[in-house]
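The primary structure of each chain is shown beneath.
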Amino acid sequence: MEEIKYIGEWLWASNLGHLFTIVSLVAALCATISYYFSAQQQTSNVESSRAWRNLARGAFCINFLSILGIFTLLFFLIFKHRFEFQYVWQHSSLELPVYYMISCFWEGQEGSFLLWGFWTAVLGLVVMKTANRWEPTVMTWMSIMQVFLAAMLIGIYFFGYKIGSSPFMLLRDVQPGMPLFMRPNYVELIPNGNGLNPLLQNYWMVIHPPTLFLGFAATLLPFSYVQSALWKKDFSPEWVRPTLIWSLFAAAILGIGILMGGAWAYEALSFGGFWAWDPVENASLVPWIILIAGLHTLLAYKSSGHALRITAIFLSLSFLLILYSTFLTRSGILGDTSVHAFTDLGMSGQLLVFMLTFVLLSVVFLAYNWKAMPAPEKEENAYSREFWIFVSALLLLMLGSLITIDTSWPVINKIFGTNTVITDAVSHYNRYAIWFGIVLALLSAVVQYFRYKKTSLQTFLQKLAISTIIALLLTAVIAWQLKMSWWVYNLFLFTGLYVVIANLGYLITVLKGKVKVAGGSVAHIGFGLMLVGILISSAKKEVISLNTLGIDYGEEFEEKDKRENILLYKSKPVQMNDYWVTYVGDTIQGPNTLHIVRYEKKKKETDSPAEVFTLYPNSQVNPKMGLIANPDTRHYWYKDVFTHVSSISDNTKKAEEAVNKKLEIEIGKTKAFDDQLLILVERINPNPLGIGFVPMEGDIAAGAILQVAHKNGEKYTAEPIYYIRNSQENSQEAVVDELGLTLKFEKILPEKNSIVLDVIQRKVGAEFIIMKAIVFPHINLLWLGCIVMSIGFIISMMNRYQEIKRNRGRIKS
């Protein structure tokens, strides 16, 4: 068959991209081998070690430049809308603005691996500049990591097995059987790309993934320093200092990345919250929890000589759990259990080899050098800081283990053939996480008041007395103000406040206000504020969009959602808690429809509003995903009003408007309803037998015989029933289906010879939205706590960096 000559196809870009991926892999292999020999000859043959190191540096720099080339070329292809490339077609479209094109870059597996490799290369360059004698060993591990990340992008077949997936594959190579690719000008016949997932079209997704993957890359540094210390059997202060600063850096960046993910979930997803215990959320959280444990035990080792072995385990485990989360996210094993999971690209085996390689190497290193690790013969004193740091670290390990087991049920089910499924994730995880939070908060409040080695119990209690009393008083006041009665919530509130007040007291009384050395206290204050914000915003959140008319929205709504969503018809105000809410209409912005919802704070519809604001929750009807809704929020310093649409008139066949009115009608008289109907009360039936009504002994019942006439001449008979049973007033509705009419007999007024009817009529064809609104009180305490905790990490990093500089100055002098 004659080879087709394609017109307008950028084959050169595909070839150049493949060349970059091959060069990056070969360079990473060269760097790994060269750094290994440099490390092995570091003491026995200094000149040879230096030569190997220089060769390794060159190879690693080539690896970085190759990654930069891949990075630049791929973004250029996305920016130029080159849809003949599978990756560009799969993740972008013509309609996307430039900032969302950036999100396209890391939506797919290939782009995210590339981002991970980029950050690892950047950190490697920093290590080359700063690590001094630790460079050969640390960079050996970082180069091994680059080999595996580069292999994820190579996209070749080796003995029939696919290695990696290249972002530079042409669409015609991925789907060769399509008739379109038999045409030489197929490129101009691809009108548009598949587009970016609507859930990712949010500004947080421009900055959240790069931050998170920088955190992933940063966890490699503490791991590499631990393995280097085991390799060289050197756990001196010169090892502790860089390990500590890199652990702080990794914990700060990974933590910020996770918090950004929570902010994205709150602003972009419609479940009404910031943390859903999604499997991928958990897979990022657990490594951070373990890293925090390792960071604290490393501080204990630095000051007391205790906890080196457990520190090595924690810092190694944190990185290994990152690899495990990568396997969970990208192997396809999570299926539909996570909104974050990638589709399986057939690389499950490669991901498993990636993870197991590092697991086996680190376990072997740790086991072989276990006895060589220094450990004091004397156990920690129960009244020492290092003892309680160790207890805190074990609690963090227990919490991380429980979350990991529950997150791993898809893997466990696949291995053992079980069928365990967590249906209500939030309730399930909160059931034990709240107790870990309480205990860890208490420890965060008091442990800093212990001294290393040994502390006088009397002195310890005296220092904490004032903070304890203030926290108790504040808890009582806030709990009373918020009407928080459950004792578990009150205990959680106390521990959160206790963390803030006790650490603030430590900063003032012990550290004398020296913020430069108070990074730990500041981070703990942020942690306490987060706990208080999480508690109040979750426990006291209020759904204000209650379905008071009892309208059935259809089978697509669960019973709880039917109760918590309100139906708004265009231009018709509806009272919702303290607000009168009006659906004003829609406006189009790109692929999204913005629904204009005006809030007016007033008691009655006729009152002048005390406040007016407009929210723009948006939706997009996606052919593959159905209705995709993004919320909008009104922010106050003390609360958020969170609003999202659950259904729209174009997204359902039941476009019905309910008109509700109470009518008082004299017996034997007629009254008009909604300019369409006349309702005549013929008589009162003392022995009603309406459909669905079963009289019981002792009932007092009456039926209203009604004639309902439409203006078009049609007439119908109905008999709603009013009855008293067990001294309680009740009613049996009557329905006229032809008119969409529901009649409820509410009351008899003998003195007026009249009755009261509640009349509801549904009309077809009105524009509407079904909307949910939630008030989150004091949620800004959560975001403030996140910021304060991040500042604490930064202060600690700066302090440790200054310590390293001072130490280098002493060595030089």
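The structure displayed is predicted, hence computed values, not measured ones.

Draft legend 1. Looking closely at the overall build of the protein. The secondary structure content of the protein amounts to 20 helices and 23 strands. Principal axes of the C-alpha set define a box for the protein whose edges measure 115 × 90 × 50 Å. A total of about 38,000 Å² of accessible surface is found on the protein, and carbon and sulfur atoms cover 61% of it. Charge centroids of the protein, computed over 67 positive and 61 negative side chains, lie 15 Å from each other.

Draft legend 2. Inspection of helix α17 (residues 487-509) at higher detail. Its 23 residues place the ends of α17 31 Å apart at the C-alpha level, agreeing with the 33 Å of an ideal helix rising 1.5 Å per residue. Counting buried positions along α17 yields 17 of 23 residues, so the element is predominantly enclosed.

Draft legend 3. Summary view of a nonpolar patch on the surface. Nonpolar side chains collect at one region of the surface, where Ile33, Tyr36 and Phe37 lie side by side and expose about 260 Å² of accessible area between them. Mapped onto the secondary structure, Phe37 falls in helix α1 (residues 11-40). Residue classification places Phe37 among the partly exposed positions, given a relative accessible area of 32%.

Draft legend 4. Layout of the environment of Pro686. With respect to the secondary-structure elements, Pro686 resides in the loop between β15 (677-685) and β16 (700-710). Each C-alpha atom of the pair Pro686 and Ala701 lies 6.4 Å from the other, and the pair is 15 residues apart in sequence.

Draft legend 5. Spotlight on the packing of aromatic side chains. All chains considered together, the criterion is met by 56 aromatic pairs. Just above the ring of Trp10 sits the side chain of Arg82; from NZ or CZ to the centre is 4.2 Å. Sitting over the face of the ring of Tyr452, Arg385 holds its NZ or CZ atom 5.0 Å from the ring centroid.

Draft legend 6. Highlighting the nonpolar core. Counting 196 residues, the largest nonpolar core has Trp116, Trp239 and Phe358 as its most contacted members. Element by element, the count of residues in this core is highest for helix α9 (residues 237-268), at 19 residues. In this structure, Val708, Tyr722, Leu757 and Val759 belong to the second largest nonpolar core, which totals 22 residues.

Draft legend 7. Looking closely at the packing of helix α8 (residues 204-232) against α9. Axis separation between α8 and α9 bottoms out at 8 Å; the angle between their running directions is 155°. Our classification of the angle between α8 and α9 gives roughly antiparallel. α8 and α9 meet at a crossing whose hand is left-handed. Residues of the contact of α8 with α9, tallied by class, amount to 24 nonpolar, eight polar and one charged.

Draft legend 8. Highlighting α9. For α9, built from 32 residues, the straight-helix expectation of 46 Å at 1.5 Å per residue is met to within 8% by its first-to-last C-alpha distance of 46 Å. Among the 32 residues of α9, 27 are classified as buried, and the element is accordingly described as predominantly covered.

Draft legend 9. Main features of the pairing of strand β23 (residues 768-777). For β23, the buried fraction is high: ten of the ten residues fall into the buried class. Because side chains alternate across β23, one face comprises the buried residues Phe768, Ile770, Lys772, Ile774 and Phe776, and the other comprises Ile769, Met771, Ala773, Val775 and Pro777, equally buried. Where strand β3 (residues 542-543) lies against β23, two bridges are found, and the strand directions are antiparallel. Counted as the bridge partner of Val543 is Ile774 from β23. Strand direction decides the pairing type here: strand β12 (residues 639-648) and β23, joined by nine bridges, are antiparallel. Residue pairing for β23: Val641 is matched across the bridge by Val775.

Draft legend 10. Main features of the pairing of strand β18 (residues 721-725). In terms of burial, β18 is a largely internal element, four of the five residues being buried. Bridge count for β16 against β18 is four bridges, and the pairing is antiparallel. Considered in β18, the bridge of Ala701 is made with Tyr723. Of the strand pairs in this sheet, β18 and strand β19 (residues 728-732) are connected by five bridges, and their pairing is antiparallel. The residue of β19 that forms the bridge with Tyr722 is Ser731. Once β18 ends, the chain turns through two residues before running back antiparallel as β19, passing Asn726 with a positive phi of about 55°.

Draft legend 11. Quick peek at the pattern of salt bridges. Counted under the stated rule, the structure contains 19 salt bridges. Across the pair Glu84 and Arg82 runs a salt bridge whose closest N-O atoms are separated by 2.7 Å. Note that Lys669 is salt-bridged to Glu666, the shortest N-O span being 3.8 Å. For Lys669, a relative accessible area of 45% corresponds to the partly exposed category.

Draft legend 12. Inspection of the packing of helix α15 (residues 425-446) against α17 at higher detail. Put simply, α15 and α17 touch, their axes get as near as 8 Å, and they point 25° apart. On the basis of the axis angle, α15 is roughly parallel to α17. Relative to α17, the crossing made by α15 is left-handed. Facing Ile434, Trp435, Ile438, Ala441, Leu442, Ser444, Ala445 and Val446 of α15, the residues of α17 in contact are Trp487, Val488, Tyr489, Leu491, Phe492, Phe494, Thr495, Tyr498, Val499, Ala502 and Asn503. Across the contact of α15 with α17, the residue classes break down as 16 nonpolar, three polar and no charged.

Draft legend 13. A look at the state of the cysteines. In the structure shown here, the tally under the stated rule is zero disulfides. Considering cysteine sulfurs only, Cys30 is the nearest to Cys61, which forms no disulfide, with 13 Å between them. Taking the relative accessible area as the measure of exposure, Cys61 reaches 30% and is therefore partly exposed.

Draft legend 14. Structural view of unusual backbone geometry. With a phi angle near 55°, His81 is a residue other than glycine that sits in the positive phi range. A relative accessible area of 23% places His81 in the partly exposed class. In the Ramachandran plot, Asn132 falls in the positive-phi region, its phi being about 55° despite a non-glycine side chain. Of note, Asn132 is situated in the loop between α5 (109-130) and α6 (135-151). Asn132 sits in the exposed class, given a relative accessible area of 52%.

Draft legend 15. Looking closely at the side chain of Thr311. The topology assignment puts Thr311 in helix α11 (residues 308-330). A distance of 3.4 Å separates the side chain of Thr311 from the backbone nitrogen of Leu298, its partner in a polar contact. Discounting residues that sit within four places of it in the chain, Thr311 has contacts with Gly294, Thr297 and Leu298.

Draft legend 16. The environment of Trp10, seen in detail. Of note, Trp10 is situated in the segment before α1. Remark: the alpha-carbon pair of Trp10 and Val187, spanning 177 residues in sequence, is separated by 9.4 Å. Excluding residues that lie within four positions of it along the chain, Trp10 makes contacts with Phe76, Leu77, Lys80, Arg82, Glu84 and Phe85.

Draft legend 17. View of the side chain of Ser66. With respect to the helices and strands, Ser66 occurs in helix α2 (residues 46-79). Its relative accessible area of 5% is what places Ser66 among the buried residues. With sequence-adjacent residues up to four places away left out, Ser66 is seen in contact with Phe20, Val23 and Ser24.

Draft legend 18. Representation of the environment of Leu399 in the model. With respect to the secondary-structure elements, Leu399 resides in helix α13 (residues 385-407). Judged by relative accessible area, Leu399 falls into the buried class, the value being 10%. Separated by 33 residues in sequence, Leu399 and Tyr432 have C-alpha atoms that sit 8.4 Å apart. Look past the residues within four positions of Leu399 in its chain and what remains in contact with it is Ile289, Tyr432, Ala433 and Phe436.

Draft legend 19. Layout of the confidence of the model for the protein. Averaged over the protein, the pLDDT score is 87; the fraction of residues at 70 or greater is 93%. Averaged pLDDT values over the elements of the protein bottom out at 73 in β15 and peak at 96 in α6. Contacts for the low-pLDDT stretch residues 651-655, under 50 throughout, to residues beyond four places or in other chains number twelve contacts.

Reading guide: rules and limits
Residues numbered from 1 in each chain as written. Predicted model: local features only at pLDDT ≥ 70, side-chain atom pairs only at ≥ 80, totals over all residues. Heavy atoms only, no water. Helix = DSSP H or I, 4+ residues; strand = E, 2+ residues; numbered from the N terminus. Areas by Shrake-Rupley, 256 points an atom, 1.4 Å probe, with all protein chains shown as cover. Lys, Arg positive; Asp, Glu negative; His and termini not counted. Charge placed at Lys NZ, Arg CZ, Asp CG, Glu CD. Expected span 1.5 Å × (residues − 1). Buried < 20%, exposed > 50% of the residue type's maximum accessible area, 1.4 Å probe, protein only. Patch = residues over 30% accessible without salt bridge, like charges linked within 9 Å, V, L, I, M, F, W, Y side chains within 5 Å. Salt bridge = Lys/Arg side-chain N within 4 Å of Asp/Glu carboxyl O. Phe/Tyr/Trp six-rings, centres within 6.5 Å; stacked < 30°, edge-to-face > 60°. Lys NZ or Arg CZ within 6 Å of the ring centre and 35° of its normal. Core = buried A, V, L, I, M, F, W, Y, C linked by side-chain atoms within 4.5 Å. Axes fitted to C-alpha atoms, helices over the stretch in contact; angles between N-to-C directions. Parallel < 35°, antiparallel > 145°, perpendicular 65-115°, else oblique. Left-handed = near helix turned anticlockwise from the far one by under 90°. Nonpolar A, V, L, I, M, F, W, Y, C, P; charged D, E, K, R; others polar. Pairing = 2+ DSSP bridges. Contact = heavy atoms within 4.5 Å. Disulfide = S-S within 2.5 Å. Polar contact = N/O pair within 3.5 Å; in protein donor to acceptor, adjacent residues only side chain to side chain. pLDDT = per-residue confidence, 0-100.

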